[in-house]
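Inside the fold
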Amino acid sequence: MTVKDILAAIQSPDSTSEDFAALPLPESYRAITVHKDETEMFAGLETRDKDPRKSIHLDEVPLPELGPGEALVAVMASSVNYNSVWTSIFEPLSTFGFLERYGRLSELTKRHDLPYHIIGSDLAGVVLRTGPGVNAWRPGDEVVAHCLSVELESSDGHNDTMLDPEQRIWGFETNFGGLAEIALVKSNQLMPKPDHLSWEEAAAPGLVNSTAYRQLVSRNGAGMKQGDNVLIWGASGGLGSYATQFALAGGANPICVVSSEQKADICRSMGAEAIIDRSAEGYKFWKDENTQDPKEWKRFGKRIREFTGGEDIDIVFEHPGRETFGASVYVTRKGGTITTCASTSGYMHEYDNRYLWMSLKRIIGSHFANYREAWEANRLIAKGKIHPTLSKVYSLQDTGQAAYDVHRNLHQGKVGVLCMAPEEGLGVRDHEKRAKHIDAINRFRNI
Ligand SMILES: C/C=C/C(=O)SCCNC(=O)CCNC(=O)[C@H](O)C(C)(C)COP(=O)(O)OP(=O)(O)OC[C@H]1O[C@@H](n2cnc3c(N)ncnc32)[C@H](O)[C@@H]1OP(=O)(O)O
Ligand SMILES: NC(=O)C1=CN([C@@H]2O[C@H](COP(=O)(O)OP(=O)(O)OC[C@H]3O[C@@H](n4cnc5c(N)ncnc54)[C@H](OP(=O)(O)O)[C@@H]3O)[C@@H](O)[C@H]2O)C=CC1
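Reading the values: rules and limits
Residues numbered from 1 in each chain as written. Chains lettered and ligands numbered in written order. Predicted model: local features only at pLDDT ≥ 70, side-chain atom pairs only at ≥ 80, totals over all residues. Heavy atoms only, no water. UniProt positions renumbered as here; feature names shortened; annotations may be inferred. Pairing = 2+ DSSP bridges. Helix = DSSP H or I, 4+ residues; strand = E, 2+ residues; numbered from the N terminus. Axes fitted to C-alpha atoms, helices over the stretch in contact; angles between N-to-C directions. Salt bridge = Lys/Arg side-chain N within 4 Å of Asp/Glu carboxyl O. Buried < 20%, exposed > 50% of the residue type's maximum accessible area, 1.4 Å probe, protein only. Domains from an automatic or database assignment. Contact = heavy atoms within 4.5 Å. Buried area = accessible area lost by both parts, 1.4 Å probe. Polar contact = N/O pair within 3.5 Å; in protein donor to acceptor, adjacent residues only side chain to side chain.

Going by an unreviewed UniProt entry, the chain carries the name Crotonyl-CoA reductase and comes from Streptomyces qaidamensis. Checking UniProt for the chain, the heading Subunit (unreviewed entry) contains the comment "Homodimer." The annotation that UniProt attaches to the chain under Sequence similarities (unreviewed entry) is "Belongs to the zinc-containing alcohol dehydrogenase family. Crotonyl-CoA carboxylase/reductase subfamily."

Have a look at this one:
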């Protein structure tokens, strides 16, 4: 049995769940990996010069054993997330440390501690097998998977699954990720595939959409409400393209920051009106490596007030980190919120704390999304309220180039990867719903 036979079953309209259950599984499959013996390959280089094309490999790997509560999924498509960029440049840590730590947890988790790491935290595909104890999903089900892996043995995570002490991001802190022909997930990561989308469209939103949902909309994050002025950094990027949609759909007022006129146009086409091109306007929040320039924070704040009729920001959607954080804290209104989920430009932030405490502002740390938030975020995609922001699609063997593009900020929105899917555009089941949203679905394509 080969991956080709699985693909034939997926492509046949007559295949039943029983047919999928009866398909023998292949012994091996193709997967995107990084190698443990290469973790030092970029030693001494600047972050920007570390090239994912050199560290990312396409390997034939053995099929992992299926455990209780788990599912093996035939992956039709996946997407590139920035966490795969971090893995591929071995920053801020090598992810092999995460796999070793997970491997120490139990006999079963030992499977994850391997000399190669199969990466990727999104997928759209078809369930092939489920392990003991899985009743909600069956072979043949068309699914997407969110990337929250938790053990749920501690009460710490029982109200909010992100607080589980054994919380991990699948395909980053666990092995057997989505940039592969077959992936291993916990069955409670599975969600129904939005039926009006192709495989690659369905695989694109997962991680960033769920993260933006918690960070901006959920009460665990900023709890955005109608009329809020929301400053969105990287508003046409992975996270930002969903934050912008959430702000617009929720009746808030997004102030979108981007770095080119082309990206400004994308934000305009989503419906945003307040757009700041940080390149054209030349903000320099840092005079040198160690000194910020509060005059530039003020210039930025004045520009925001021009758009808002003099109002300041209720919520900052932060992720660039060191470069922007001082400005983000400054431009937030009294009692406002800075919600952060990342530090792309550096994790040692500096800001003037007087502007935080004297104006009673709050900084909220946010990370991915709990089970329920991920489900709600996917539901919004399925209902056509929020749309994928897929721009370009690569083949599995070109994943290194795709990750390079994201690392160098050469991409728009989300970058997709075809895994088993032989071409783009397959997997659409509800053509009528698709037709209703086709312009929004294609908004980021080929720009
Ligand atoms: C969904 C997508 C998301 C993204 O894209 S996010 C962006 C990508 N992700 C990242 O860049 C994050 C990568 N992760 C990290 O950088 C590290 O992961 C952390 C800095 C978050 C954590 O560092 P670590 O060294 O893994 O963990 P420690 O918690 O510092 O544990 C080390 C030892 O320190 C002990 N410890 C922890 N807290 C305390 C404390 N408060 N007082 C005393 N000790 C403490 C622990 O127990 C443990 O000990 P013991 O080594 O013996 O097990
Ligand atoms: N904790 C979590 O759960 C998650 C964390 N992340 C992290 O968030 C970060 C962003 O991810 P994602 O949105 O997918 O990445 P993208 O690269 O797709 O988008 C980020 C955008 O941020 C802008 N940006 C980058 N650097 C700077 C800077 N120095 N100053 C101002 N703007 C900047 C760029 O937009 P422009 O050039 O147009 O301004 C860029 O397009 C990554 O570090 C990622 O690891 C992502 C998802 C989940």
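Moving on, there is more to tell.
Moving on: the sheet that holds strand 1 (residues 28-35). Strand order in the open sheet formed by 3 strands is 2-1-4, with antiparallel pairing between adjacent strands. Each of the sheet's edge strands pairs with one partner strand only, and the pair in question is strand 2 (57-62) and strand 4 (116-118). When strand polarity is set aside, the average angle formed by the axes of neighbouring strands in this sheet is 60°. Pairing geometry for strand 1 and strand 2, over 6 bridges, is antiparallel. Following the sheet pairing, serine 28 is matched in strand 2 by proline 62.

The subject of this paragraph is the pattern of salt bridges. For the coordinates displayed, the defined rule picks out 26 salt bridges. Between glutamate 151 and lysine 186 there is a salt bridge whose closest N-O contact spans 3.4 Å. Residue glutamate 151 is located in the loop between strand 7 (148-149) and strand 8 (168-169), and its partner lysine 186 is located in strand 9 (residues 182-186); the two are separated by 35 residues in the primary sequence. Looking at lysine 186, the relative accessible area reads 15%, which means it is buried. For the salt bridge of arginine 268 with aspartate 265, the shortest nitrogen-to-oxygen distance reads 2.7 Å. Residue arginine 268 and its partner aspartate 265 are located together in helix 9 (residues 261-270), separated by 3 residues, close to a single helical turn. A residue is classified by how much of its surface remains accessible, and arginine 268, at 42% relative accessible area, is partly exposed. Here the residues in one salt-bridge network are Lys36, Glu100 and Asp113, joined through shared partners.

Looking at the chain, the domain boundaries give domain 1 (3-208 + 369-441) and domain 2 (222-365). Its C-alpha centre places domain 1 at a distance of 30 Å from the equivalent point of domain 2. Contact with domain 1, which involves 17 residues of that partner, is made by 16 residues of domain 2. For the pairing of domain 1 and domain 2, the buried interface totals around 1,200 Å² over both sides, and the portion due to carbon and sulfur atoms is 59%. On the domain 1 side of the interface with domain 2, the three residues burying the most area are Val208, Ile386 and Gln412, jointly 43% of the side's total. Counting across the domain 1 and domain 2 interface gives 0 salt bridges. Run the count over domain 1 and domain 2 and you get 6 residue pairs in polar contact (both at pLDDT 80 or more). Elements represented by at least two residues in the side of domain 1 that touches domain 2 include exactly helix 4 (82-88) and helix 14 (371-382).

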